[in-house]
Amino acid sequence: MLKVSSMRLSCLSVAVLAMTAAVAAQAGEVEVLHYWTSGGEAKSVAELKKIMQAKGHVWKDFAVAGGGGDNAATLLKSRVVSGNPPSAGQIKGPAIQEWASEGVLANLDAVGKAEKWDSLLPKVVADVMKYKGNFVAVPVNVHRVNWIWANPDVLKKAGVAGMPKNYDEFFAAADKIKKAGFIAVAHGGQNWQDFTTFESVALGVGGVKFYHDAMVTLDPKAISSDTMTKALETFRKIKGYTDPAAPGRDWNLATSMVMKGEAAFQFMGDWAKGEFMAAGKVPGKDFLCAAAPGTANAFTFNVDSFAMFKLKSPDAQKAQGDLAAAIMGTEFQEVFNLNKGSIPVRLNMKLDKFDDCAKLSSKDFVDTAKSGGLQPSIAHGMAVKPAAEGAIKDVVSQFWNDDKITVADAQKRLVAAAATK
Ligand code: BGC
């Protein structure tokens, strides 16, 4: 008996070994560096892993915790500098150009041409993915940053009728919420979250032209203007509605405070929706989304993308090409974005499985592209080079955290930070 089963077992192992070898002959490894580690984010990236594994490739996960991606960027640098880059890294906006100019990115034109990316992407996005006319990165989604999220039960209990459309309405609502014993604003005190809120406030207080001049072209006149004074004052006022435990808190924990009914609002991009959805919450019923106060006619975009690094092994190169093609494929664009809270970046996708927040986002993306309201997010690496972004982010966060820094002083520091090369 024992003999038979061990014979069977060894036949089986031979068969399994043979099969594994057959797969291994075509399989390549893709090592993917990303910072999607929260509940909704992890579910989203797992979809890409599934697609790659179904193609027979080996997925090597290189996840680096830390919202906004600063930790991931640091680790990526050290890997590339030591001559051992991953296949793909989550890099976006002007940082793609910086990496490409170092000569370390792969040319993806073969797959980009075969898959007709130029006709499947908005031109403004395709341009960011290219260096000297060649594709070096591939986009996964369009996130909108200028959102405010809310718990409808808390609003109801506090006697707040609806989502605030401007800052007068916002502060009136926040006072009622505070009085009713809730935290008005769930905030995670990390510099990129302070910056995310600031960006939406600057847009809401100053409007599209001001945002563009101050945060995209970094015009010192706009940064020193009275409008910026008002934006900083409004930003500081919001801090009074956050709780004392905010410093250091991760963004998804702040989202969960809204979910649980401890807090009313959160200023955050629509990756927050990914968290609500991962927890089984229903948009419109368990949580509300609206453009941040004063920003209904604008859209700060944040396009996540993967830049691909030059690799030596032909198998790994093949796997890398398959990864790039999969990312732009309709299957991935749908399932990833349903989980992530964003909308597909690929044009002409059906949105019937998407909720009303995503549909509003998609409509506003198209409308604002025509009106000029479509603006790159500075807090999420889309508007300016990483050095200036980092310097401005530091000033904004220092101002938020230290009440002794006056608004006038912050404006001076911002002008200096904006000049960082
Ligand atoms: C990224 C999102 C991510 C968020 C929080 C943003 O900069 O674009 O994909 O979910 O940071 O980590």
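Each chain has its residues counted from 1, running along the sequence as written. Since the coordinates come from a predicted model, pLDDT governs what is reported: local features require at least 70, and pairs of side-chain atoms require 80 or more to be given and counted, while whole-chain, interface and lining totals use all residues. Only hydrogens and water are set aside; all other atoms, that is, all heavy atoms of the structure, feed into the side-chain values.

Draft legend 1. Main features of the overall build of the protein chain. In this text, helices come from DSSP runs of H or I with a minimum length of four residues, and strands from runs of E with a minimum of two, each type numbered from the N-terminal end. Scanning the protein chain from terminus to terminus reveals 19 helices and 14 strands. In this setup the radius of gyration rests on C-alpha atoms only. A globule is expected at 2.2 Å times the number of residues raised to 0.38. Over its C-alpha trace the protein chain gives a radius of gyration of 23 Å, about what one expects of a compact globule, namely 22 Å for 421 residues. Buried residues are those whose accessible area, probed at 1.4 Å on protein chains only, stays under 20% of the maximum for their type, while exposed residues exceed 50% and partly exposed ones sit between those limits. For the protein chain, the residues scored as buried account for 55% of the 421 residues in total. Here, residues are in contact when the closest pair of their heavy atoms is within 4.5 Å. Residue pairs in contact within the protein chain that sit at least 24 positions apart in sequence constitute 77% of those at least 6 positions apart. For every accessible area listed, the method is Shrake-Rupley and the probe measures 1.4 Å; residues are considered covered only by the protein chains on display. Of the accessible surface of the protein chain, which amounts to about 18,200 Å², a share of 57% is contributed by carbon and sulfur atoms. In the protein chain, which carries 49 positive and 43 negative side-chain charges, the distance between the mean positions of the two groups comes to 2 Å. The charge count treats Lys and Arg as positive and Asp and Glu as negative. His and the chain ends do not count. Charged groups are reduced to one reference atom each: NZ for lysine, CZ for arginine, CG for aspartic acid, CD for glutamic acid.

Draft legend 2. Region of interest: the packing of aromatic side chains. Classification of ring pairs rests on two measures: the distance between centres of Phe, Tyr or Trp rings, Trp counted by its six-membered ring, which must be within 6.5 Å, and the angle between planes, read as stacked under 30 degrees, edge-to-face over 60 and tilted in between. Enumeration over the complete set of coordinates arrives at 19 aromatic pairs. Here the aromatic rings of W36 and F306 are separated by 5.6 Å at their centres, their planes lie at 90 degrees, and the arrangement is edge-to-face. Of this pair, W36 sits in the loop between β1 (29–34) and α2 (39–54) while F306 sits in strand β13 (residues 305–308), and the two are 270 residues apart along the sequence. Every member of this aromatic cluster is reached through a ring pair, and the members are Y167, F170, F171, Y241, F265 and F267. Counting as a charge over the ring demands two things of the Lys NZ or Arg CZ atom: a distance within 6 Å of the ring centre and an angle within 35 degrees of the ring normal. One Lys or Arg, R144, reaches over the ring of W147 and ends 5.1 Å from the middle of that ring. A cation over an aromatic ring shows up here: K178 above the ring of Y241, its NZ or CZ 5.0 Å from the ring centre.

Draft legend 3. Focus on the domain arrangement of the protein chain. The split into domains, and so the bounds of each, comes from an automatic or database assignment of domains. Here the protein chain is partitioned into domain 1 (29–143 + 302–356) and domain 2 (144–301 + 379–418). Relative placement of domain 1 and domain 2: their C-alpha centres are 27 Å apart. Facing the 23 residues of domain 1 at the interface are 25 residues of domain 2. A quick way to say it: buried area is the sum, across both parts, of accessible area lost when two parts are put together, with a 1.4 Å probe. For the pair domain 1 and domain 2, the two sides together bury roughly 1,900 Å², of which 58% comes from carbon and sulfur. Note on definitions: salt bridges are taken to be side-chain nitrogens of Lys or Arg within 4 Å of carboxyl oxygens of Asp or Glu. Put simply, domain 1 and domain 2 have two salt bridges between them. A salt bridge links D70 to K393; the nearest nitrogen and oxygen atoms lie 2.9 Å apart. By the criterion applied in these results, polar contacts are pairs of N or O atoms within 3.5 Å in which, for protein atoms, one can donate a hydrogen and the other can accept it, and in which residues neighboring in sequence qualify only through two side-chain atoms. Run the count over domain 1 and domain 2 and you get seven residue pairs in polar contact (both at pLDDT 80 or more). Those elements giving two or more residues to the side of domain 1 that touches domain 2 turn out to be α2, α4 (94–101) and α16 (330–340).

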